[in-house]
Amino acid sequence: MHTDAPGYATTRHGRAPAPGPAFGNPFVRCRCGLAGLERIHRRSWMKFLPGLRFYRCSSCGKPQLASKRAVRDAVIAHRSEQQNQR
């Protein structure tokens, strides 16, 4: 993620508001939901938390820790919701 204008960050899906104080905290989740998370390489201290994986939100780019099971369940629910809408 890079900035191309003051106060805004560019993500894959366009512009998002600049990160606030919770943006750098991996224990705080973004409002986008767990279904759009992409797995990224975690830092060495995160290995002390074996039940959590390190992800980045594909919408806003916020890095966050979440359980593998919670993310999997959210992705399954999101997919079944999309199929029900068809």
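Anything mentioned here points back to the structure above.
Residues numbered from 1 in each chain as written. Predicted model: local features only at pLDDT ≥ 70, side-chain atom pairs only at ≥ 80, totals over all residues. Heavy atoms only, no water.

**Considering the overall build of the protein chain**
How we decide: Put simply, DSSP H or I for four residues or longer makes a helix, DSSP E for two residues or longer makes a strand, and each gets a number counted from the N terminus. Throughout this description, buried means an accessible area under 20% of the type-specific maximum (1.4 Å probe, protein chains only), exposed means over 50%, and partly exposed covers the range between. Residue contacts are defined here by distance: any two heavy atoms, one from each residue, within 4.5 Å place the two residues in contact. To be clear on the numbers: accessible area is Shrake-Rupley with a 1.4 Å probe, and residue cover counts the displayed protein chains and nothing else.
Per the secondary structure count, the protein chain includes one helix and six strands. Within the protein chain, the fraction of its 86 residues that count as buried is 27%. Put simply, of all contacts in the protein chain between residues at least 6 apart along the chain, 38% involve residues at least 24 apart. With the model as given, the accessible surface of the protein chain reaches about 6,200 Å², and the carbon-plus-sulfur share is 52%.

**What to know about the pairing of strand β6 (residues 63–67)**
Convention followed: Paired strands, as defined in this entry, are two strands with at least two bridges between them according to DSSP.
For β6, the buried fraction is high: four of the five residues fall into the buried class. Note that strand β5 (residues 52–57) and β6 share five bridges and pair antiparallel. Bridge pairing links Tyr-55 to Gln-64 in β6. Counting the residues that bridge the hairpin from β5 to β6 gives five residues, and of these Gly-61 lies at a positive phi of roughly 85°.

**Examining the environment of His-78**
Here His-78 shows up in helix α1 (residues 68–85). What makes His-78 partly exposed here is its relative accessible area of 36%. C-alpha of His-78 to C-alpha of Leu-34: the two residues are 44 residues apart in sequence and 9.4 Å apart in space.

**Section: a nonpolar patch on the surface**
Condition: In this scheme, patches are assembled from residues that exceed 30% relative accessible area and form no salt bridge. Like charges are connected within 9 Å, while nonpolar side chains (Val, Leu, Ile, Met, Phe, Trp, Tyr) are connected within 5 Å. Salt-bridge detection follows one rule: a side-chain nitrogen of Lys or Arg within 4 Å of a carboxyl oxygen of Asp or Glu.
Together, Phe-27, Trp-45 and Phe-48 make up an exposed nonpolar region whose accessible area comes to about 400 Å². When you line up the elements, Phe-48 lands in the loop between β4 (37–39) and β5.

**A look at the packing of aromatic side chains**
Defined as follows: The criterion for an aromatic pair is that two Phe, Tyr or Trp rings (for Trp, the six-membered ring) have centres within 6.5 Å, with stacked assigned to planes under 30 degrees apart, edge-to-face to planes over 60 apart and tilted to the rest.
Following the criterion strictly, the structure yields one aromatic pair and no others. Each ring, one from Phe-27 and one from Trp-45, has its centre 6.1 Å from the other, and the planes form 45°; the classification is tilted. Placement of the pair is Phe-27 in the loop between β3 (14–17) and β4 and Trp-45 in the loop between β4 and β5, with a sequence separation of 18 residues. Judged by its relative accessible area of 38%, Trp-45 is partly exposed.

**Here's the deal with the state of the cysteines**
Selection criterion: Note on disulfides: each one is a pair of cysteine sulfur atoms within 2.5 Å.
Across all of its chains, the model carries zero disulfides by this definition. Its sulfur unpaired, Cys-30 is 3.7 Å from the next cysteine sulfur, which belongs to Cys-57. Residue classification places Cys-30 among the buried residues on the basis of a relative accessible area of 15%.

**Concerning the nonpolar core**
Within soluble globular proteins, side chains that are nonpolar tend to cluster in buried spots. Put simply, the rule is: Nonpolar cores were defined as sets of buried Ala, Val, Leu, Ile, Met, Phe, Trp, Tyr and Cys residues, with membership established by side-chain atoms within 4.5 Å.
With eight residues, the main nonpolar core is built from Cys-30, Leu-34, Leu-37, Tyr-55, Cys-57, Cys-60, Ala-66 and Val-71. Those residues within four positions of Tyr-55 in sequence are excluded, and the remaining contacts are Leu-37, Glu-38, Arg-39, Ile-40, Lys-62, Pro-63, Gln-64, Ala-66, Ser-67, Lys-68 and Val-71.

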